[in-house]
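Reading the structure
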Amino acid sequence: MATKKKAAKPAETVTTVKGSLKLKSGKPAEVTSSKVAYEGPLFNVLKEQVKEPGLETGIGSVERDIIRHNGSVVILAVDESKSKKDPYVVVERQYRHAAGQFLYELPAGKVDAGEERLAAAKRELIEETGFRAKKWTKLSRYYASPGFLGEWMQVYLAEGLTLGDATPEADERIQLFLVPLSELLRLIEGGKIEDGKTILSVLLYARMKQARKKA
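Scope of this entry: the structure provided in the associated data block. (Residues numbered from 1 in each chain as written. Predicted model: local features only at pLDDT ≥ 70, side-chain atom pairs only at ≥ 80, totals over all residues. Heavy atoms only, no water.)

1. What about the packing of aromatic side chains?
Counted according to the given criterion, the structure contains 4 aromatic pairs. Considering the side-chain rings of Y95 and F102, the 5.4 Å spacing of their centres and the 70 degrees angle between planes classify their relative orientation as edge-to-face. In this structure Y95 comes out as partly exposed when scored by relative accessible area, which is 40%. Residue placement shows R93 over the ring face of F102; its charged tip is 3.8 Å from the ring centre. The cationic tip of R117 hangs over the ring face of W152; the distance from NZ or CZ to the ring centre is 3.7 Å. (Phe/Tyr/Trp six-rings, centres within 6.5 Å; stacked < 30°, edge-to-face > 60°. Buried < 20%, exposed > 50% of the residue type's maximum accessible area, 1.4 Å probe, protein only. Lys NZ or Arg CZ within 6 Å of the ring centre and 35° of its normal.)

See the structure below:
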């Protein structure tokens, strides 16, 4: 009678964390092959064979399709001139073909090759809205969809706004709104804002603002 083979155990099991989480990002996995499947003006798509951590013995590597992009910046532009308690936030209404609808979102844009991210944020804010800011603060960076998208986005808080002339690109049709923070939070909580970068940035800012108030 043939003996049954025991199933291979995964390299790592689920771990329950009690207390603070110690973050370990690790090192990039070994890429055994890589070829460009698509090359475009905004991004490239690569087809890669990768030896990812935790693979069972014998699997060797897995194939991944990855979008490579220079990265983007997100600008949370805040006007406290009328109210510090409930400041206005600069919001754009723009048609997004991939979503098939107009979205309400924070100003954002790509980082050009060799461009510093803060310089890109200042440029994008001027181009899309005409606003300039006296004070710039890094809030957070995040990966929007790391399963296939290598791009990461840097969020900046822009304060001390002055209005100038916008210079949007030829294919951009943007409507600008100054929305009270309280109204924007109400729309997010009600599921009316569907843009991820806007939800993340506004909620983080509101949390930080509340924390400063309690301190």
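Additional details are given in the paragraphs that follow.
2. Side note on the pairing of strand β4 (residues 72-79)
Buried residues dominate β4, accounting for 8 of its 8 residues. As paired strands, β4 and strand β9 (residues 152-163) are joined by 6 bridges and run parallel to one another. Bridge pairing in β9 links A77 to A158. Both β4 and strand β5 (residues 88-96) contribute to a ladder of 2 bridges, which runs antiparallel. Within the sheet, the bridge partner assigned to V78 lies in β5 and is V89. (Helix = DSSP H or I, 4+ residues; strand = E, 2+ residues; numbered from the N terminus. Pairing = 2+ DSSP bridges.)

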